[in-house]
Every structure is written in structure tokens, then in C-alpha cells.
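Survey of secondary and tertiary structure
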Amino acid sequence: MKQHAPAAERNREPIFDALTPILGDGARVLEIGSGTGQHAAYFTERKPEWLWQPSDTRPESLASIAAYREESSSKGFLAPLALDVQRAKWPEGPFDVVFCANVIHIAAWQVCVAILDGAARLLSTGGKLVFYGPFRFRGELTPDSNRVFDQKLRSEDARWGIRDIVDIADTARPLGFSEPAIHAMPANNHLLVFEKLG
């Protein structure tokens, strides 16, 4: 059954606009934590030449992604994959990009580490790991709305919370990733782009 997330509806166009020059034409993308499937549907509708592999851990999300795919005319929208980044074997590549939107702040830090580690194994030289969402900058979290959101997350689960870009970069660097390119996005979000170095 199709699910609908208002936030995904709001942010899909600015994310698409930011991703387009990063991905280029014909990119092969693994999306981690695809949720409803709205991003996969919209991006492959706009760029049918992208080969987009959605994934998630939750059966209801996988069903929603499949429902969006049934309505899609894009051959680039692949069937959803059940993927737990901490436990399951990652899919066979090759992929040019690993994309992860609004996941690592609603998961334990170990999930972020697992995504970095898996992407390092999966991506070849020049491949991109892209995170989207709210972030701390060297311990600073702004504006007030993000601080309130962070407190709400931590009250729901002490393992959750908005991650610091420094912590992510420090973990990514020994795995062979570049320093992140940081793109400001609407609603106090950012896009982080790590490149796999040779």
C-alpha cells in the first residue's frame, strides 16, 4: 500500500536539483532507507536514465515503494530491496552513488558507521556517498527549530539525534573518502557529498 510523507513531497524538488549535477546522466544509485518510495518515484520520473535501487528494512516501506514502482513508467526505478545495513549482505554493484536521506538522525550512530563502511566497499574510485538531512557543525546546532527537533528525537530514543558533520567526516576519512562537499538546502537541511578516493 502506498504511503505518503509530506516532508518527502516538499523536499523532493530541491534535492533533485542538487543531485542532478552531482550524479550526472546514467548514474547507478543505491538509496538507503527509501521510506515511502516518493523520492525514487519522483527522481526516476524526472531522470529515467538514472538506475535507482531503493531499499529499506521495514515491510510496510518495501510495500509502499513497490506500489509507487507499479505506477511508474521509468525502467530505472528498480524493485525495492530489503537491506539492513548492519546485518545483511549489501547488494552487488556496481553503483556510482550511495544516497541516504533523513536516516542517520533517526537511527543509532552505528547505523551511520555501517553506511559509511558499506559504501566504502561498494563504491569504486570517484563514487559518491550522499547524505541529506539536518546536521551539527562542530558541535553547533542551529536554528532553534533544529535544537527542538534534536531534543524530541533523543527523548524518543537516546541513541538518536542530529549528527555532527565532523564526526561523520572523521569516520569517513580512514575508509578512503574525501572531505565532504557541503550544500545548503531549504528548511535548514544540508547535502553532504563524500567522494571515494583512489
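Treat the numbers as computed from the prediction; the structure is a model and nothing was measured.

**Regarding the overall build of the chain**
Helix and strand counts for the chain stand at six helices and eight strands. The principal-axis extent of the C-alpha atoms belonging to the chain is close to 45 × 40 × 30 Å. With 198 residues in all, the chain has 50% of them scored as buried. Summarising the internal contacts of the chain: among those between residues at least 6 apart in sequence, 71% fall at separations of at least 24. For the chain, the accessible area works out to roughly 9600 Å², and carbon and sulfur atoms hold 52% of it. For the chain, the distance from the average site of its 22 positive side-chain charges to the average site of its 25 negative ones is 2 Å.

**Concerning the pairing of strand β1 (residues 28–32)**
Judged by how many residues are buried, β1 sits mostly within the fold: four of five residues are covered. Pairing geometry for β1 and strand β2 (residues 51–53), over three bridges, is parallel. When the sheet's bridge partners are listed, L30 is paired in β2 with Q53. In this view, the connection linking β1 to its parallel neighbour β2 by way of helix α2 (residues 38–46) has right-handed handedness. Strand direction decides the pairing type here: β1 and strand β5 (residues 97–101), joined by four bridges, are parallel. For I32, the partnering residue across the bridge sits in β5 and is C100.

**Observations regarding the side chain of N11**
Counting through the fold element by element, N11 comes out in helix α1 (residues 6–23). A polar contact is formed between the side chain of N11 and the side chain of H39, at a distance of 2.6 Å. Leave out the neighbours within four places in its chain, and N11 touches H39, N102 and Y132.

The rules behind each value
Residues numbered from 1 in each chain as written. Predicted model: local features only at pLDDT ≥ 70, side-chain atom pairs only at ≥ 80, totals over all residues. Heavy atoms only, no water. Helix = DSSP H or I, 4+ residues; strand = E, 2+ residues; numbered from the N terminus. Buried < 20%, exposed > 50% of the residue type's maximum accessible area, 1.4 Å probe, protein only. Contact = heavy atoms within 4.5 Å. Areas by Shrake-Rupley, 256 points an atom, 1.4 Å probe, with all protein chains shown as cover. Lys, Arg positive; Asp, Glu negative; His and termini not counted. Charge placed at Lys NZ, Arg CZ, Asp CG, Glu CD. Pairing = 2+ DSSP bridges. Right-handed = clockwise from strand over helix to strand, strands pointing away. Polar contact = N/O pair within 3.5 Å; in protein donor to acceptor, adjacent residues only side chain to side chain.

Read these as geometric descriptors, not functional statements.
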